[in-house]
Structure formats: structure tokens, C-alpha cells
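Close look at the chain arrangement
Given next are the chains, with one letter for each unit.
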Amino acid sequence: MAKLASHHLIPALGFSLTLRRTSSSLQWQQNFNTVTHFGVWKQQRRSLSSSPTKISMSLKAGIVGLPNVGKSTLFNAVVENGKAQAANFPFCTIEPNVGIVAVPDPRLQVLSDLCKSQRSVPASIEFVDIAGLVKGASQGEGLGNKFLSHIRQVDSILQVVRCFEDRDVVHVSGKVDPKSDIDVINLELVFSDLDQIEKRMDKLKKGKAKDSSSKMKEEAERSALEKIQTALMDGKPARSVALTDFETDSIQQLCLLTMKPVIYVANVAESELAEPSSNPHVQEVMKLASELQSGLVTISAQVESELSELPSEERTEFLNSLGVTESGLGNLIRATYSLLGLRTYFTSGEKETKAWTIQSGMTAPQAAGVIHSDFEKGFIRAETVAYDDFVACGSFASARDKGLLRSEGKDYIVKEGDVMLFRFNV
Ligand SMILES: Nc1ncnc2c1ncn2[C@@H]1O[C@H](COP(=O)(O)OP(=O)(O)OP(=O)(O)O)[C@@H](O)[C@H]1O
Ligand SMILES: [Mg+2]
């Protein structure tokens, strides 16, 4: 029988990944496995709102960089109660730390107020603090290949680049030099990808494909690998290579490191936070980020870490004393979310208002599937209203009366900020 999955149904589902706080630890209440394949990795979570207890689908951003550049300091600031050891010696981090971070979104509160929701649940991203990489990592130097494999498992890379001068903080190559630091990291990623590609090409040479469709797939993979290999030899990342959709799909399972989108995080000194662009190191990172078609966020990991220790009423005062008005973390989190190609749609009702994360281009049934696979399987139609229209009308009923609540079918591509109700069959 067809049912209208109205707002009383969606919040009642509780199918999303649910965290239960126990006296000793955080436990995953559902079997949905988004992080446990990292085994030993620690799980921590920051909630930017006091009420939410649930986390929707999230993707991973890996914090990468040379040793001792401020990765764990940044991680601890982003992940409230982050317990990653951050200290002034290289290779301080060995096992990766994982933290789940809520994506700040003012729309959530607006919808929640309009629908008088009992709670609101933000979208989230996972941050992963990874061990420092050094020259030769792809050959097993430093903490070596094991840590490149940790990078392989994330969806995007935040590359922390040291832009602060401080004689007391050891730099592994002896001086602050963002260009050289970025080159070292990128080169290791390139070497590791070249190695992967070579191994894969050797396997493909054996040509095991029997039917014509497998042969076509192998051909697409071979062609993609050759194009990428040429670019890598030229020092260019795999993501810069133009591939057909078929070629892109064929190499997906290789998880090439240089295919992942990158944001450069220029880590500046406290005293430079008010005017980071006057720091020549930051100017250099800006130039490189733009050449490498990557994002850039300037932050002082040290300041963010100190801020996170302060009671909220003292934070503004501290920021003002440094000549800035807001913490850079919200910016970093939003930039990462957008870099991952993520979009948000909302469900909103009396029980809860929730931001759901989808990949851009997802259809209405796929978006419904993020709530629960039954929603996707039994999808009939979605009732949808744009966020601004919903706010102008104040409720689903009023949006329906004004003809702004549209009934969309299975081919509808969900738009950023859609507020949705799903009709489905179970
Ligand atoms: N913006 C900054 N200004 C001054 N000092 C900083 C800044 N950011 C980090 N530091 C200091 O740099 C040192 C190294 O930081 P951290 O342990 O976070 O580095 P890391 O990149 O995680 O190192 P590793 O790769 O060894 O795990 C710490 O003493 C930290 O306080
Ligand atoms: Mg560390």
C-alpha cells in the first residue's frame, strides 16, 4: 500500500547512523559501517548544536602534511574533545585519529523553528588525522607506505602547510618553505600512484577478460591508466586528466591518491591571523593552490586549539584581541563539504529537522535511500519545496496552497536546500 512518508514518519525512522553516549565511550548503535573498517582508529565527535544525537551519511577528509606542521592541533580544534596527541616532535601521530564533525548550517535552525521541531540534526563530515609524510614515504621512509594507505581511504585531502615561523617548533627540513613542503607531499603521492598503476598494468597485460563487456572495461581501464601515467610522469595529478565517464569508473577501485580533491590549509601564527595575505609564505601557498586548481583556507591551528579550550563567552573576546571576528573552522568545514561535492537537503517536522547529505547529481530515489534503502526501493514520488520558498510560506501546507510544493518523480535531481517529503511503498 502506498504511504505518504510525511514528516511524522521520517523522523520516526531513526535509521541513520546513531551514536549513543555511554559512560565510557561512544558506540555505534546501528550496524551501518562507515568508520569501523579503519579498525583501531579512534572515534570522536563534535556537535555544534546541543541537541542532536544522530549523524547522517558522512564522508572522510584526511588531514595530511609533513610531520610537525600542526595536523593534530587542527584536528583537536575541529573535533571537540579531540584527544589526538599534538606535540612539538615529528611523527607524534602514528595511528590515525577519526572525528565526526557537524557542518554548521544556519538554515537548520530556521526550519527547526518554523516546524517547532524537538531537535535538529546537522549534516556531518569525518576528519581523519594522519601521520606525517616525509620524502621517500612511497619507498617506506618515515612511517612509509602504511600511511599512504590511510590516505587512500579518504575522499578528500586537507594538506596542512606550515606558514608560521617559530624557532622552537622543529621543521623536518630545517626551514619554513611551503613550496618545498607541498612538492615533497605531492611527489610522494605521485610516486605512490605510479607504483599502483604499474602493478595494475602488469595485471592487465595478462588480459583475463573473456566476454566483450569485460574486454571493453579492461580497454577503458588501460586507456585511463596510460593517460594518468603520462600526467604523473610530468608531475601533474591524476585529477587533472580528462577522462570519459567510463574510464573514470574503470579506475575507481584503485583509489588513486592524486585523484582526490585537495584543500591547502595555510597554518599561520597567531600574530598573522588578522592579515594572513601579508605573509609571503601564505602568498606562495595561494599561488600554488591556484596553479594546482585546489582550494585554500588560512587558519591558525594554534589559535583554533586555544579557542576550543575556552568557554564560549570568552571566545569572541579572544578573537577580537587578535583582530578577527570569527573562528576559521566553520569556513574550513564548509569548504571541505563543498569540495567533496556534497549537497544538503532537509526533512522537517515536529519531531526533528534534519540535514541529509547527498552527492551532487543524486536523484530523488537515491536521496531517499540515504534515509533508508526501503525509501529508495519503494520510491513513488517526492514532494519538494525550495528552502527559500519554504521559509517564505512557513509550512508545507502553506507551500502546497501557494503551488510551491512540487510533486517530483524518480528522475528529479535533488537541489541544494530542497525541503522534502517522500511518498513510498513498503
Ligand atoms: N599556528 C601555529 N603557530 C604556532 N605553533 C603551532 C601552530 N600550529 C601548530 N603549532 C605547534 O606545532 C607543534 C606540532 O603540532 P602537531 O603535533 O599538531 O603537528 P603534527 O603535524 O600533527 O605532527 P606529527 O606529524 O608529528 O603528528 C605543536 O607544538 C603545536 O603547538
Ligand atoms: Mg600529529
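Residues numbered from 1 in each chain as written. Chains lettered and ligands numbered in written order. Predicted model: local features only at pLDDT ≥ 70, side-chain atom pairs only at ≥ 80, totals over all residues. Heavy atoms only, no water.

**A short note on helix α11 (residues 329-339)**
Three- or four-residue spacings in an α-helix give side chains the same orientation, since the helix completes a turn every 3.6 residues. This is how the line gets drawn: The buried label applies to any residue whose accessible area, calculated with a 1.4 Å probe on protein chains only, is under 20% of its type's maximum; exposed applies above 50%, and partly exposed to all values in between. Labels follow the DSSP assignment, with helices taken as runs of H or I lasting at least four residues and strands as runs of E lasting at least two, numbered in each case from the N terminus. Arc, as used here, means the arc of the directions from the helix axis to the C-beta atoms.
Looking only at α11, the buried set comprises Leu329, Gly330, Leu332, Ile333, Thr336 and Tyr337. Mapping the buried residues of α11 onto a view down its axis gives an arc of 165°, with all of them on the same face. Positive phi shows up at Gly341, right after α11, with a value of about 70°.

**A closer look at the domain arrangement of the chain**
Formally: Where each domain starts and ends comes from a domain assignment, either automatic or drawn from a database. When checking whether two residues touch, look at their non-hydrogen atoms; a contact exists if any pair is within 4.5 Å. Two parts placed together each lose some accessible area under a 1.4 Å probe, and the buried area is that loss summed for both.
Each assigned domain of the chain is listed with its residue range as follows: domain 1 (60-339) and domain 2 (361-424). Between domain 1 and domain 2, the C-alpha centre-to-centre distance is 33 Å. Between domain 1 and domain 2, the contact holds 5 residues from the first and 7 residues from the second. Across the domain 1 to domain 2 interface the summed buried area is about 570 Å²; carbon plus sulfur atoms make up 73%. Sorting the residues of domain 1 by area buried against domain 2 places Arg107, Leu111 and Leu114 first, and these three jointly supply 76% of that buried surface.

**Quick notes on helix α8 (residues 280-291)**
Applicable threshold: Helices are assigned an expected span. That span is 1.5 Å times one less than the residue count. Counted as a polar contact is a pair of N or O atoms within 3.5 Å, where, for protein atoms, one must be capable of donating a hydrogen and the other of accepting one, and residues adjacent in sequence contribute only when both atoms are in side chains.
Along its 12 residues, α8 runs 17 Å from first to last C-alpha, staying within 8% of the 16 Å computed at 1.5 Å per residue. Three or more residues of α8 are buried, namely His281, Val282, Val285, Leu288 and Ala289. Each buried residue of α8 sits inside an arc of 125° when the element is viewed along its axis, so together they form one side. Pointing more than 90 degrees away from the buried face of α8 are the exposed residues Pro280, Lys287, Ser290 and Glu291. Where α8 is buried, its residues touch β10 (156-162), α5 (178-205), β11 (262-267) and β12 (295-299). Two or three places before His281, at the start of α8, stands the capping residue Asn279, its side-chain oxygen 2.6 Å from that residue's backbone nitrogen. Immediately downstream of α8, the backbone of Gln293 shows phi near 50°, a positive value.

**Thoughts on the UniProt feature "binding site: ATP" (unreviewed entry) in the chain**
Here is the rule: UniProt positions are given in the numbering used here, feature names are shortened, and annotations may be inferred rather than shown by experiment.
In the numbering used here, UniProt assigns the "binding site: ATP" (unreviewed entry) feature to Asn68, Val69, Gly70, Lys71, Ser72, Thr73 and Val268. Tracing the chain through its elements places Asn68 in the loop between β6 (60-64) and α2 (71-78). Within the fold, Ser72 resides in helix α2. Here Ser72 falls in the buried class, since its relative accessible area comes to 6%.

**Let's talk about the packing of α2 against α11**
Filter applied, for reference: Angles shown run from 0 to 180 degrees and are taken between the N-to-C directions of axes, each axis being a line fitted to C-alpha atoms and, for helices, limited to the stretch in contact. In this scheme, roughly parallel covers angles under 35 degrees and roughly antiparallel covers those over 145, while 65 to 115 is roughly perpendicular and the rest are oblique. The residue classification treats Ala, Val, Leu, Ile, Met, Phe, Trp, Tyr, Cys and Pro as nonpolar and Asp, Glu, Lys and Arg as charged. All others, Gly included, are polar.
For the pair α2 and α11, interaxial distance at closest approach is 11 Å and the crossing angle is 95°. By the angle between their directions, the pair α2 and α11 is classed as roughly perpendicular. Every residue of α11 that contacts α2 at Leu74, Ala77 and Val78 is listed here: Leu329, Leu332 and Ile333. Along the lines of polarity and charge, the residues of the contact of α2 with α11 split into 6 nonpolar, no polar and no charged.

**Here we look at a positive patch on the surface**
Formally: Patch building starts from residues that exceed 30% relative accessible area and form no salt bridge, then joins like charges within 9 Å and nonpolar side chains (Val, Leu, Ile, Met, Phe, Trp, Tyr) within 5 Å. Residue burial considers only the protein chains on display, and all accessible areas are found by Shrake-Rupley using a 1.4 Å probe. A carboxyl oxygen of Asp or Glu within 4 Å of a side-chain nitrogen of Lys or Arg is what we treat as a salt bridge. Counted charges follow a simple rule, with Lys and Arg positive, Asp and Glu negative, and His plus the chain ends left uncounted. Charged side chains are reduced to one point each, which is NZ for Lys, CZ for Arg, CG for Asp and CD for Glu.
Judged by side-chain charge, Lys203, Lys206, Lys208 and Lys210 come together as a positively charged surface patch. Mapping Lys206 onto the fold places it in the loop between α5 and α6 (212-233).

**Regarding the nonpolar core**
We apply this condition: Residues belong to one nonpolar core when they are buried, are Ala, Val, Leu, Ile, Met, Phe, Trp, Tyr or Cys, and are joined through side-chain atoms within 4.5 Å.
Grouped together as the largest cluster of nonpolar side chains are 73 residues, with contacts concentrated most on Leu74, Phe127 and Ile151. With 5 residues, β11 is the largest single contributor of residues to this core. Residue-level mapping places this core at the junction of two domains, with at least three residues from each of domain 1 (60-339) and domain 2 (361-424). Each residue touching Leu74, except ones within four places of it in the same chain, is listed here: Val160, Val265, Ile299, Ala301, Leu329 and Leu332. If you look at the next biggest cluster of nonpolar residues, it comprises 17 residues, including Tyr345, Trp356, Ile371 and Ala382.

**Considerations on the pattern of salt bridges**
A side chain with one charge can pair with a side chain of the opposite charge if their charged atoms come near. Applying the stated rule across the entire model yields 17 salt bridges. The shortest N-O distance in the salt bridge between Arg107 and Glu416 comes to 2.7 Å. Here Arg107, found in helix α3 (residues 106-114), pairs with Glu416, found in the loop between β16 (406-408) and β17 (419-425); they are 309 residues apart in sequence, far enough to count as distant. Its salt-bridge partner being Lys199, residue Asp195 comes within 3.5 Å of it at the nearest N-O pair. Of this pair, Asp195 and Lys199 both sit in helix α5, 4 residues apart, which is roughly one turn of the helix. Judged by relative accessible area, which is 38%, Asp195 ranks as partly exposed. Of the residues examined, Lys199 reaches a relative accessible area of 51% and is grouped as exposed. Sharing partners across several salt bridges, the network here consists of Asp105, Arg107 and Glu416.

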